[in-house]
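Structural overview for review
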Amino acid sequence: GENVEQHPSTLSVQEGDSAVIKCTYSDSASNYFPWYKQELGKRPQLIIDIRSNVGEKKDQRIAVTLNKTAKHFSLHITETQPEDSAVYFCAASRATGTASKLTFGTGTRLQVTL
Amino acid sequence: GAVVSQHPSRVICKSGTSVKIECRSLDFQATTMFWYRQFPKKSLMLMATSNEGSKATYEQGVEKDKFLINHASLTLSTLTVTSAHPEDSSFYICSARDDRGQNYNEQFFGPGTRLTVL
């Protein structure tokens, strides 16, 4: 099955700096890669996702890059703000309808300090 | 749109009792629902996948007789933790997906249920 590794486990940045979180996956058939933000005791919320037919996607301060050859994808947050502090999870799945399921990374606790 | 609710949000029960958790998709039809378990400061671990009208598919190591899943309609799935023990205490989260739409990969998560077994 799929295995997703995520680094770093914790990340502390100053407000205004950029944050980068990296994930690798093992299943070359995976082609859907979402990123979730989870605040303490809350549900995971999708912040951005990318499919394997593109190499990069951007949404305001958030961007995701995908390298299919190397089987890794990264989340980039620019101009970080205190409200970006949360745990971020990457995930990967195949896009084969009812058979597809998400495999999550281990999470990155991002702390944005003033 | 794409709202998923979960009930109850928090439950405390005695060891040996059973607890039922409901997951509802409020504004869309969920052809597939997922149940996850999350321990403190850990990732989401998939327990099982359920499709409306059919038996759930459990992940390796998850006891199907202990964690009963029913997906009776396109908007409701239930997870029953039978004969609960303290080690079953966890945060249980469901998610729902419509496999027929354009964004068929996207899963929408419920708010979670915190189960504490005394």
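Here we summarise the structure given alongside this text. For clarity, every value in this text was computed on a predicted model and none was experimentally measured.

How each quantity is defined
- Residues numbered from 1 in each chain as written.
- Chains lettered and ligands numbered in written order.
- Predicted model: local features only at pLDDT ≥ 70, side-chain atom pairs only at ≥ 80, totals over all residues.
- Heavy atoms only, no water.
- Disulfide = S-S within 2.5 Å.
- Helix = DSSP H or I, 4+ residues; strand = E, 2+ residues; numbered from the N terminus.
- Buried < 20%, exposed > 50% of the residue type's maximum accessible area, 1.4 Å probe, protein only.
- Phe/Tyr/Trp six-rings, centres within 6.5 Å; stacked < 30°, edge-to-face > 60°.
- Contact = heavy atoms within 4.5 Å.
- Buried area = accessible area lost by both parts, 1.4 Å probe.
- Salt bridge = Lys/Arg side-chain N within 4 Å of Asp/Glu carboxyl O.
- Polar contact = N/O pair within 3.5 Å; in protein donor to acceptor, adjacent residues only side chain to side chain.

1. Looking at the state of the cysteines
This structure, assessed with the given rule, holds two disulfides over all chains. Each sulfur of the disulfide joining Cys23 of chain A and Cys90 of chain A lies 2.0 Å from the other. Looking along the S-S bond of the Cys23 of chain A-Cys90 of chain A disulfide, the torsion reads about -100°, which is the left-handed sense. In this pair, Cys23 of chain A sits in strand S3 (residues 19-25) while Cys90 of chain A sits in strand S9 (residues 86-92), placing the two residues 67 residues apart along the sequence. The burial state of Cys23 of chain A is the same as that of Cys90 of chain A; both residues are buried. The disulfide that involves Cys23 of chain B links it to Cys94 of chain B, with 2.0 Å between the sulfurs. The S-S bond linking Cys23 of chain B to Cys94 of chain B shows a torsion near 80°; that makes this disulfide right-handed. In this pair, Cys23 of chain B sits in strand S3 (residues 19-25) while Cys94 of chain B sits in strand S9 (residues 90-97), placing the two residues 71 residues apart along the sequence. An identical accessibility class is assigned to Cys23 of chain B and Cys94 of chain B; each is buried. A disulfide-free cysteine, Cys13 of chain B has its sulfur positioned 18 Å from the sulfur of Cys94 of chain B, the nearest such atom. Judged by its relative accessible area of 9%, Cys13 of chain B is buried.

2. Describing the packing of aromatic side chains
Within the structure shown, the criterion is met by 13 aromatic pairs over all chains. For the ring pair Tyr25 of chain A and Phe73 of chain A, a centre distance of 6.0 Å and an interplane angle of 55° mean the geometry is tilted. In this pair, Tyr25 of chain A sits in strand S3 while Phe73 of chain A sits in strand S8 (residues 72-77), placing the two residues 48 residues apart along the sequence. On the basis of relative accessible area, Phe73 of chain A is assigned to the buried category, the value being 0%. An aromatic cluster is defined as three or more aromatic residues linked by ring pairs; in this entry it consists of Tyr36, Phe89 and Phe104 of chain A together with Phe34, Tyr36 and Phe109 of chain B.

3. Brief notes about the interface of chain A and chain B
You'll often see interface size given as the accessible area lost when the parts meet. Taken together, the contact pairs 22 residues of chain A with 24 residues of chain B. Around 1800 Å² of area is buried between chain A and chain B when both sides are counted, 50% of it from carbon and sulfur atoms. Counting the contacts that link chain A with chain B gives one salt bridge. Between Glu59 of chain B and Lys101 of chain A there is a salt bridge, and its shortest N-O distance comes to 2.8 Å. Counting every contact that joins chain A to chain B gives six residue pairs in polar contact (both at pLDDT 80 or more). When contributions to the side of chain A that touches chain B are tallied by element, the ones reaching two or more residues are strand S4 (32-38) and strand S5 (45-51) of chain A. Among the elements that make up the side of chain A that touches chain B, the one with the highest residue count is S4 of chain A (three residues).

4. Describing the environment of Thr17 of chain B
All names here are of chain B. By the element assignment, Thr17 lies in the loop between strand S2 (10-13) and S3. C-alpha of Thr17 to C-alpha of Ala84: the two residues are 67 residues apart in sequence and 5.6 Å apart in space. If we ignore the near neighbours within four places in the chain, the residues touching Thr17 are Val81, Thr82, Ser83 and Ala84. Among the polar contacts listed, one links the side chain of Thr17 to the backbone oxygen of Lys14, at a separation of 2.7 Å.

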